Amino acid sequence: MKNFEQRLQRLEQIGSDIKRSDVTLEEALKYFEEGITLARGMEKELDKIEGKIQILMNQPDPVAKAGPEPQLDLFASSGEDF
């Protein structure tokens, strides 16, 4: 299975299939094993994504590195005419 969404959809399908009343014990066990394998792989992928998000959230703000904000009122009228 290629992407996370497809694996999640398959996991949901397995959950539905395993609840059917006509599923044999052997089939239920196969569904369960497939579901566990999918869930573990998805958990690892989510952990990687969470790590990347933490790195991005902890990076310094690029605007803050540029220095203080420019003073826009330097040329504001002080009541004097030139």
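Quick note: structure is the one above.
First, a word on scope: everything that follows refers to the structure included in this document. Model, not experiment: these values are computed from the prediction.

## Side note on helix α1 (residues 4-18)
Move 1: Compared with an ideal rise of 1.5 Å per residue, which puts 15 residues at 21 Å, α1 spans 21 Å between its outermost C-alpha atoms and is within 8% of the ideal.
Move 2: Restricting attention to buried positions, one finds in α1 the residues Phe4, Arg7, Ile14 and Asp17. Down the axis of α1, the sector holding all buried residues measures 145°, keeping them to one side. Opposite its buried face, α1 presents the exposed residues Glu5, Gln9 and Glu12, each directed more than 90 degrees away.
Move 3: Where α1 is buried, its residues touch α2 (25-58).
Move 4: For α1, the N-terminal capping position is held by asparagine 3, with its side-chain oxygen 3.2 Å away from the main-chain nitrogen of glutamate 5.

## Here we look at a positive patch on the surface
Move 1: Taken together, Arg40, Lys44, Lys48 and Lys52 make up a surface patch of like positive charges.
Move 2: Of note, lysine 52 is situated in helix α2.
Move 3: We classify lysine 52 as exposed; its relative accessible area is 58%.

## A closer look at the pattern of salt bridges
Move 1: Per the stated rule, a full pass over the model turns up four salt bridges.
Move 2: For arginine 7, the salt bridge identified is with glutamate 45, shortest N-O distance 1.9 Å. Placement of arginine 7 in helix α1 and of glutamate 45 in helix α2 is noted, with a sequence separation of 38 residues between them.
Move 3: Glutamate 45 gets classed as partly exposed once you look at its relative accessible area, which sits at 26%.
Move 4: Across the pair arginine 20 and aspartate 17 runs a salt bridge whose closest N-O atoms are separated by 3.5 Å.
Move 5: Overall, arginine 20 belongs to the partly exposed group, its relative accessible area being 36%.
Move 6: Overall, aspartate 17 belongs to the buried group, its relative accessible area being 10%.

Scoring rules and cut-offs
Residues numbered from 1 in each chain as written. Predicted model: local features only at pLDDT ≥ 70, side-chain atom pairs only at ≥ 80, totals over all residues. Heavy atoms only, no water. Helix = DSSP H or I, 4+ residues; strand = E, 2+ residues; numbered from the N terminus. Expected span 1.5 Å × (residues − 1). Buried < 20%, exposed > 50% of the residue type's maximum accessible area, 1.4 Å probe, protein only. Arc of directions from axis to C-beta. Contact = heavy atoms within 4.5 Å. Polar contact = N/O pair within 3.5 Å; in protein donor to acceptor, adjacent residues only side chain to side chain. Patch = residues over 30% accessible without salt bridge, like charges linked within 9 Å, V, L, I, M, F, W, Y side chains within 5 Å. Areas by Shrake-Rupley, 256 points an atom, 1.4 Å probe, with all protein chains shown as cover. Salt bridge = Lys/Arg side-chain N within 4 Å of Asp/Glu carboxyl O. Lys, Arg positive; Asp, Glu negative; His and termini not counted. Charge placed at Lys NZ, Arg CZ, Asp CG, Glu CD.

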